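Results of the structural survey
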Amino acid sequence: MTVWELIDLRERDGFLLELHFTPEDDAPEGHFATGDDDADAELCARIRNGDLLWFVARVTASKFGIKLGTSYLGGCCYDSADQFIDNSYDDMARDALFEARMMLAKLADAYRAEQGQ
């Protein structure tokens, strides 16, 4: 069972956004392409030593307690959660919000069709 740790919680555009991390199951080797094999090996060593975070990130967008949109990003390597938030969070939040808005529109259309409107 995957355990997700809540990292950040905030409201945006009427939706509740939740950021969760879980440890990345995939080994870091082969995930970096700096062009420098020694630099790539150093990153992997720092991950194994616990000097860098290695995780999967998930952002969910919900309304009224109903999850409507989700964005995932695996193979994340950062010094801290704050560094991730500063660099990658907004793109993931934008994706989750887009999915949530699309789901709301689909639900509204289905409801109107059921009501004969």
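Within each chain, residues carry numbers counting from 1 in the order of the written sequence. It should be noted that, the model being predicted, local features are given only for residues of pLDDT at least 70 and side-chain atom pairs only at 80 or more, the latter also being counted only at that level, while totals for whole chains, interfaces and linings use all residues. Heavy atoms throughout the structure, all of them, feed into the side-chain values; hydrogens and water do not.

**Digging into the overall build of the protein chain**
Stated precisely, the cut-off is as follows: Secondary structure counts use DSSP, requiring at least four H or I residues in a row for a helix and at least two E residues in a row for a strand, with both numbered from the N terminus. Within these notes, the globule rule equals 2.2 Å times the number of residues to the 0.38 power, and the radius of gyration is based on C-alpha atoms. Burial classes: relative accessible area under 20% of the type maximum marks a residue as buried, over 50% as exposed, and values in between as partly exposed (1.4 Å probe, protein chains only). Working rule for contacts: check all heavy atoms of both residues, and any pair within 4.5 Å makes them a contact. Residue-level accessible areas treat just the shown protein chains as cover; the underlying method is Shrake-Rupley with a 1.4 Å probe. All tallies of charge rest on Lys and Arg as positive and Asp and Glu as negative; His and the ends of each chain are not included. Charged groups are reduced to one reference atom each: NZ for lysine, CZ for arginine, CG for aspartic acid, CD for glutamic acid.
The helix and strand tally for the protein chain stands at two helices and four strands. Beginning at the N terminus, the succession of helices and strands in the protein chain can be written as β-β-α-β-β-α. Relative to its length of 117 residues, the protein chain is extended, with a C-alpha radius of gyration of 18 Å against a globular reference of 13 Å. Here the protein chain holds 117 residues, and 33% of them are scored as buried. Counting only contacts in the protein chain whose residues sit at least 6 apart along the sequence, the fraction spanning at least 24 positions is 56%. Total accessible area on the protein chain stands at roughly 7500 Å², and carbon and sulfur atoms take up 50% of it. On the protein chain, the mean spot of the 11 positive side-chain charges and the mean spot of the 24 negative ones are 11 Å from each other.

**What about the pattern of salt bridges?**
The criterion, for reference: Think of a salt bridge as a Lys or Arg side-chain nitrogen and an Asp or Glu carboxyl oxygen that are within 4 Å of each other.
Per the stated rule, a full pass over the model turns up eight salt bridges. Between R10 and D8 there is a salt bridge; the shortest N-O distance is 2.6 Å. For R10, a relative accessible area of 29% translates into the label partly exposed.

**Re helix α2 (residues 81-114)**
For clarity, the cut-off: The seven residues ending at a residue and the seven starting there each receive a fitted axis; the angle between those axes is the bend at that residue.
Maximal helix bending in α2 amounts to about 60 degrees, located at S88. Those residues of α2 that fall on the buried side of the exposure criterion are A81, F84, I85, S88, Y89, M92, A93, A96, L97 and A100. Buried residues in α2 make contact with β1 (5-12), β2 (15-23), β3 (53-63) and β4 (66-78). Of the residues trailing α2, G116 is marked for its positive phi of about 75 degrees.

**Quick notes on the pairing of β2**
We apply this condition: By this definition, two strands are paired if DSSP reports at least two bridges between them.
The buried fraction of β2 amounts to seven of the nine residues, a majority that puts the element mostly inside the structure. In sequence, β1 turns back onto β2 through a hairpin of two residues, with D13 there showing a positive phi of about 55 degrees.

**With respect to the environment of A96**
Tracing the chain through its elements places A96 in helix α2. Apart from residues no more than four positions distant in its own chain, A96 is found in contact with V59, A61, G69, T70 and S71.

**As for the state of the cysteines**
Convention followed: Pairs of cysteine sulfur atoms within 2.5 Å are identified as disulfides in what follows.
For the coordinates displayed, the defined rule picks out zero disulfides. Cysteine C76 remains unbridged, with the sulfur of C77 as its closest cysteine sulfur at 9.0 Å. Judged by its relative accessible area of 3%, C76 is buried.

Take it as geometry only, folks, not as evidence of what the structure does.
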